[in-house]
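Chain by chain, the residues:
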Amino acid sequence: MADRYNPQEIEPKWQQRWEADQLYKTEPAGDKPKYYILDFYPYPSGEGMSVGHARNYVPTDVIARYYRMKRYNVLHPMGFDAFGLPTENAAIKLKVDPHGLNEKYSANYVRQYKLMGLSYDWSRLINSAHDDYYKWTQWIFIRLFNSWYDPRQDKATPIDTLVAELSAQGAQALFDYIDGHAEGAATANKGTPAISAEQWRAMSKREQNEYLSNFRLAFQQESTVNWDPVDKVVVADEEVEGGRAWRSGALVIKRTIRQWFFRIPAYAERLINDLDTVDWPEQIVTMQRNWIGKSEGAEVEFQVSSSEFRGPNESSRNSITVFTTRPDTLWGATFMVLSPEHPLVSQIVTDAQRAAVEQYIASAKGETDEQRTAEGREKTGVFTGAYAINPVNKERIPVWIADYVLMGYGTGAIMAVPAHDQRDFEFARKFGLPVKVVVMPPNRVIDGDTLERAYEEKQGVMVDSGPITGMNTGEDGKACIRAATEYCEEMGFGKRRVNYRIRPWLISRQRYWGTPIPIVHTPDGPQTVSESALPVLLPQVKDYEPGPNGESPLASIPEFIHAPNGERETDTMATWACSSWYYIRFADPHNNALIGRSEQIDYWLPVDMYVGGAEHAVLHLLYARMWTKVLFDIGVVKFIEPFKALRNQGMILSPQKQVDEKGREFYEKMSKSKGNVITPDEVIAEHGADALRGYEMFISDFTQTVPWSTQGVPGVRRWLDRVWRIVLAPNDDKGPAAQVSAKDLRRVAHQTILRYERDLKAFSFNTMIAAMMEFTNTLYKARDAGLAGAPEWNESIDILVRMLAPIAPHIAEELWARMGNAYSIHKAAFPVADEAAAKEDEITVVVQVNGKVRDRVTVPASADDETVKQAALVTEGAKRFIDGTTPRQVIYVKGRLVNIVM
RNA sequence: GGGGAUGUGGCGUAACUGGCAGCCGCGCAUGACUUAGGAUCAUGUGCCGAAAGGCAUGUGGGUUCAAGUCCCACCAUCCCCACCA
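Residues numbered from 1 in each chain as written. Chains lettered and ligands numbered in written order. Predicted model: local features only at pLDDT ≥ 70, side-chain atom pairs only at ≥ 80, totals over all residues. Heavy atoms only, no water.

With 17 residues, helix H27 (residues 791-807) extends 25 Å from end C-alpha to end C-alpha; this agrees with the ideal 24 Å at 1.5 Å per step. Counted residue by residue, H27 has twelve buried out of 17 residues, so it is predominantly covered. Looking only at H27, the buried set comprises Trp 793, Ser 796, Ile 797, Ile 799, Leu 800, Val 801, Arg 802, Met 803, Leu 804, Ala 805, Pro 806 and Ile 807. Buried residues belonging to H27 abut helix H2 (54-69), helix H23 (689-698), helix H24 (712-728), helix H25 (742-761), helix H26 (765-784) and helix H28 (809-818). (Helix = DSSP H or I, 4+ residues; strand = E, 2+ residues; numbered from the N terminus. Expected span 1.5 Å × (residues − 1). Buried < 20%, exposed > 50% of the residue type's maximum accessible area, 1.4 Å probe, protein only. Contact = heavy atoms within 4.5 Å.)

Set out below in structure tokens:
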């Protein structure tokens, strides 16, 4: 009798041996086919990992191990997203250095990973807070700063090319091109003037730099941003949820500060189009598309009526440009609305309305996003006193300001068509403005009573609409929109325009624990630190608290600020910057001279399989895609999408069932504060890493959110125990005799290989484990049939243990050794399925009468259709129902069933 | 308001192209072996019914020889976006 399966004994033993032998060290780049499988690198928290974190690490490890056994050259690395507020806040609270905390937390993560038997190549470990890493984050920042997006080449280009163009011919040709191309607007900041070459040359260096920042891919701009009063830091739009900051949960307030941005809108079109080239979950692709928010429509220019205009400069002609997706409803525009922040407001407001307008602007500024967008909130706004002329029908319409028009979208101004837009309608009703119907739904007369919900009608016939009167909007309404746009273009007051919802990516943070921005502010404007001077090191500080007015802690260190040519930038980069390129660094992680040798990058990238949580759908995954495209444009990488395939794992919840106030059952997330965290450490201590790994895969469909079950791990442990016994002691504890032939056993073995590989590639890990359990059960039956020791038996055991190796690497290694094989099973080949052996030679066909199962019949797999039908017709179950009559129809579904229709 | 997902035994789930609903596991029941069992082995386990049989995949319709799967309507839950013109 063999000794018992004891994971506590064999797991540490093999883990030490593997580490000593560097068993999982990546092979050098070469001609072998490669497979790069990557987990979202984690932020290492002081709490360590829960069993929920292992939900993706285990399956990716299984895949990595599988591809190694399939003789691929596999890159499976790990790193840490170490910068950021949680560590910094912990450091402030504990009054310690965040550098030290980072090392401590990361080391604990590494310990836990090793405990789980994960096969990362630890020689490639990276940490985004180490200066040999953030040096290259700074290097990319410099490239962004020194680039702009040339719409004529449709790519990022050195800023010097723009400087040369400006001094030679000015910006007019560039802006003519942008105006003529509906998609080109995101190249420059809104309102950038088209200066002449003379004007450019007359500018001071500082003014020139100021002008160029309208084009740079990394630029600083005064801007109203979300301010988190608890963490004392600005947060990006993407980090605000329901008016509250993502991390601290504090209500954000608006603040106007100079901030650094990346010009991600310039890449909007490519970020949408290239989604067609990736194998990602449909849901994530949709979310990215919605986030980028492409809208096609038109820009239309409205002249401000001169008779009412009493601005400081009587002779200037003001006009308001609006963006609309419904130019066909232009004839129904009965007023205009500007955003309170619109620069034209102060110029067009009449003296009589000035006080009211200024008061409104002031109160709008003081509001939080939550107040502004609260559910059911009534529209607010103020009349400016000015009027505009609707260019299509020359009607004089009033110009209002209201906070429901956002400065950040479109032109910050709209034409209001209350008959066909809900928001405009609500506004018109509140302030008694006229409503004019221009799209008449079929079979319906719109009068005062039915006006209320007229905007819900999407189709109809155009009325009172000049040249498009009488046109039918049709199925999609595109024809009228096209006709109206063409009319505007002919008449010269409008043009086709594509608009994107996505805003510049806010990247600067007024905090200590981040990558310093490699910029020096000189009298001539901001300049990048020279590449040879990188990295700009994060200095040691005594106090990590941000200043009372939100200054970075770095601002209080004179030695840091001082640079030969000016003052250093004291903001740091948000961690999104670090994570936007780390997957590239793994190709050549310790190169101090280059971001990575191109032969390494070209061999390993892009990532073949990227696995992590769906919560990063529009944050990290969008930013990383933009950086990849910039690096592609400037020739650093040769791929346009960083992650060929993406999969999202579901969350694991606490096993304790809760009941809400309505009596409904639910499960909570695991969290330290709720005291319901289950750690891999405790599970491994009791049942071993292999059982934990097995259950992480078996628990549910990979993408599903599911509560942990404390009963589940022992169930898998029991299976491993059964594997242990059937391999090492097949003749102990025999059951009653069973009917399994050697051929049957061999067939199941080879069928299991096929199922295993199919399920693994489909991320169907739960059914993959189920297939392995079934195979194990078959082996027990085969033992009871007296097959132990037969050649087919030995082959099956060999197959079983090899297939077990990716799932449960420790027990597989131990069994492999005890079977007398040479170390290591993880260097052995994966079994190859014999398709012929996997084929059934008999099939059992279900016999249905009128769709109900009445019998079943077993026939040779080679039997032809007629033979099977005849066999079915003469079964006892069928005969009882046929009862001498002739069936109307007999349907045979190959290998599955015969349906006799009476 | 817009977009998306999900709904199957007591529980986690499975079901390939429209073809036997419930694989695998948990739990439970009975038995065996045991000084003992939170070990192991065997058998059973959707519901109703003694059985024959009938009923079952959120609800109601439809298509089909055949529907968990396709179509229509509805209900419930969850996620994302949201005064985005």
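Moving on, we come to the sheet that holds strand S28 (residues 572-573). The strand order across the open sheet formed by three strands is S22-S28-S23, and the pairing between neighbours is antiparallel. At either margin of the open sheet sits one strand with a lone partner, and together these are strand S22 (508-509) and strand S23 (515-516). Inspection of the sheet shows S22 paired to S28 by two bridges, in the antiparallel sense. Paired with Ser 508 across the strands is Met 573, a residue of S28. (Pairing = 2+ DSSP bridges.)

The subject of this paragraph is H28. Within H28, eight of the ten residues are buried, leaving the element largely enclosed by the surrounding structure. Residues Pro 809, His 810, Ile 811, Ala 812, Glu 813, Glu 814, Leu 815 and Trp 816 constitute the buried set of H28. Of the residues one or two after H28, Gly 820 is the one with positive phi, at around 90 degrees.

Moving on: the protein's contact with RNA strand B. Taken together, 54 residues sit near RNA strand B, with Thr 325, Lys 379, Tyr 404, Arg 423 and Ile 699 positioned nearest. Ser 295 has a polar side-chain atom sitting 2.8 Å from a phosphate oxygen of RNA strand B. One of the side-chain N or O atoms of Lys 379 is found 2.4 Å from a base oxygen in RNA strand B. Contributions of two or more residues to the surface near RNA strand B are made by helix H11 (282-292), strand S13 (319-324), H24, H26, strand S35 (852-860), strand S36 (889-893) and strand S37 (897-901). Across the surface near RNA strand B, the residue classes tally to 19 nonpolar, 14 polar and 21 charged. (Near = heavy atom within 4 Å. Polar contact = N/O pair within 3.5 Å; in protein donor to acceptor, adjacent residues only side chain to side chain. Nonpolar A, V, L, I, M, F, W, Y, C, P; charged D, E, K, R; others polar.)

This part covers empty space enclosed by the protein. The tally for this structure, following the rule as stated, stands at three cavities of 30 Å³ or more. Put simply, the largest cavity is a space of about 220 Å³. Going through the elements one at a time, helix H3 (85-94), strand S8 (233-235), S28 and helix H18 (575-579) are the ones with two or more residues in the lining of the largest cavity. Within the lining of the largest cavity, the residues separate by chemical class into ten nonpolar, five polar and seven charged. (1 Å grid on protein atoms, 1.4 Å probe; cavity = no way out; pocket = protein on both sides within 12 Å on 5 of 7 lines; lining within 4 Å. Points joined across faces, edges and corners; volume = space filled by probe spheres on them.)

Time to look at the packing of aromatic side chains. Following the criterion strictly, the structure yields 55 aromatic pairs and no others. Both rings, one in Phe 83 and one in Trp 513, keep their centres 4.8 Å apart while their planes meet at 75 degrees; by these two values the pair is edge-to-face. Note that Phe 83 is positioned in the loop between strand S3 (79-80) and H3 and Trp 513 in the loop between S22 and S23, a separation of 430 residues in sequence. With relative accessibility at 2%, the residue Phe 83 sits in the buried group. For Trp 513, a relative accessible area of 2% corresponds to the buried category. Both rings, one in Trp 148 and one in Phe 215, keep their centres 5.9 Å apart while their planes meet at 85 degrees; by these two values the pair is edge-to-face. (Phe/Tyr/Trp six-rings, centres within 6.5 Å; stacked < 30°, edge-to-face > 60°.)

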